[in-house]
Amino acid sequence: MRVVVAIGGNALLERGEVLSAETQQRNMARAAGALAQLADGNEMVLVHGNGPQVGLLALEGEAFKEAPPFPLDVLGAESQGMIGYVIAQELRNVMPHRQIATLITQTQVDPDDPAFDAPSKPIGPVYSEAEARALADERGWQVAADGDYFRRVVPSPQPAGILEFQTIRLLAGEGTVVICAGGGGVPVIVGARGQTRGVEAVIDKDLAASLLARKLGADRLIILTDVDAVYEDWGTARARKIGEAKSAQLRAMPFAKGSMGPKVDAVCRFVEETGRPAAIGSLKEAASVADGTAGTQILP
């Protein structure tokens, strides 16, 4: 079976945790065993988020005044290497006989995508509302609520194509666990003659994973994050865990644009186009989410 698994940047750096390499390594070490169970006997392509990490890299760049800060596409490539290294190392520790490859991936976007005029993707650390508003005034950021906190938000255009798709398919077909499209892939515009240019944005990794899963003909798309399932009326006294639902049912429910909304959209796109199931759940329960005993199962 071929599975595409997406893990969130927040799954490696849970909300409120110190943004450190040690924290990410420890969290990934805890999750590696469950991911290894998913990979056992299957072709597995792994996509990861980078929201907390790419925001931290941007802050670090701004702190050095002797050179202009790197743009978001370059920071996206940097975070792919950094996070991919951590994931690959911990997976190799529990799967020493399996080939594992981390691939820097570019994702094509439309330069006219309306998302460039409506930033929605949260990146970096969390702040109180007062802190976020002050930073927005000081640095020219746009900020928005993310759960109980506030974060910087940046444009998040739709993924239209994955430039390294053929390489990913070749490696996966040979049984290699492929870590790719990190942070949704480095956002690039492709010109009329095939030339590429990076743009200031962060692509949603769940939508990129969904596109990749559909193009690869995956049997299943699994999105793993820092919550155990999709909830109706999240954050209210009426919150209800959704154990199983059809894509049409989920489409009819409102979800936060910067967090669960793209995840639900991603799995629905996969289910609707392929007629195959998908799931959303906790990284800590990866194997159970995959076998249908945990998380939210999305059916055609």
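This structure is a prediction, so every number in the text was calculated from the model and none was measured.

Bringing the confidence of the model for the protein into the picture now. Predicted confidence across the protein gives a mean pLDDT of 91, with 99% of residues reaching 70 or more. Considering each helix and strand of the protein separately, the mean pLDDT is smallest for helix 1 (residues 9–12), with a value of 68, and largest for strand 9 (residues 177–180), with 98.

A word on the pattern of salt bridges. Applying the stated rule across the entire model yields 14 salt bridges. For the salt bridge of Arg 2 with Glu 43, the shortest nitrogen-to-oxygen distance reads 2.5 Å. Linking Arg 2 in strand 1 (residues 2–7) with Glu 43 in strand 2 (residues 43–48), this pair joins segments that are 41 residues apart in sequence. Assessed through its relative accessible area of 15%, Arg 2 is described here as buried. Judged by relative accessible area, which is 24%, Glu 43 ranks as partly exposed. A salt bridge links Asp 228 to Lys 241, with the nearest nitrogen and oxygen atoms 3.7 Å apart. With a gap of 13 residues between them, Asp 228 in the loop between strand 12 (220–225) and strand 13 (230–232) and Lys 241 in strand 14 (residues 240–242) connect regions that are remote in the sequence. Judged by its relative accessible area of 27%, Asp 228 falls in the partly exposed class. Connected via shared salt-bridge partners are Arg 251, Asp 265, Arg 269 and Glu 272.

Moving on, we come to the sheet that holds strand 4 (residues 106–108). Within the open sheet, the 4 strands sit side by side as 8-4-10-11. Their pairing is mixed. The open sheet terminates on both sides in strands that have one partner only, identified here as strand 8 (161–162) and strand 11 (196–198). Both strand 10 (residues 186–190) and strand 11 contribute to a ladder of 3 bridges, which runs antiparallel. Pairing of Val 190 across the sheet is with Thr 196, part of strand 11. The sheet contacts of helix 4 (residues 72–94) involve strand 10 and strand 11, and relative to strand 10 the element is tilted by about 130°.

This brings us to helix 5 (residues 129–139). Taken as a whole, helix 5 has its buried residues at Ala 132, Leu 135 and Ala 136. Along the long axis of helix 5, the arc covered by the buried residues comes to 105°, so they all point the same way. Along helix 5, the residues that are exposed and aim more than 90 degrees away from the buried face are Ala 130, Asp 137 and Glu 138. Turning to helix 5, the residues buried within the fold contact strand 5 (121–127), strand 6 (142–146) and strand 7 (149–154). Where helix 5 ends, the next residue or the one after it, Gly 140, has phi of about 75°, a positive value.

The next point concerns the side chain of Lys 121. Here Lys 121 shows up in strand 5. For Lys 121, a relative accessible area of 16% gives the class buried. In this view, Lys 121 contacts Arg 152, Val 153, Val 154, Ser 156, Val 202 and Asp 204; residues no more than four positions away in its chain are not counted.

Every regular strand shows the same layout, with side chains that alternate between the two sheet faces. Counting buried residues along strand 10, 4 of its 5 residues qualify, which places the element largely inside the surrounding structure. When strand 4 meets strand 10, the two strands line up parallel, connected through 3 bridges. Paired with Gln 106 across the two strands is Val 186, which belongs to strand 10. Between the end of strand 10 and the start of strand 11, which pair antiparallel, lie 5 residues, with Gly 194 showing a positive phi angle near 90°.

What counts, and where the lines are drawn
- Residues numbered from 1 in each chain as written.
- Predicted model: local features only at pLDDT ≥ 70, side-chain atom pairs only at ≥ 80, totals over all residues.
- Heavy atoms only, no water.
- pLDDT = per-residue confidence, 0-100.
- Helix = DSSP H or I, 4+ residues; strand = E, 2+ residues; numbered from the N terminus.
- Salt bridge = Lys/Arg side-chain N within 4 Å of Asp/Glu carboxyl O.
- Buried < 20%, exposed > 50% of the residue type's maximum accessible area, 1.4 Å probe, protein only.
- Pairing = 2+ DSSP bridges.
- Contact = heavy atoms within 4.5 Å.
- Axes fitted to C-alpha atoms, helices over the stretch in contact; angles between N-to-C directions.
- Arc of directions from axis to C-beta.

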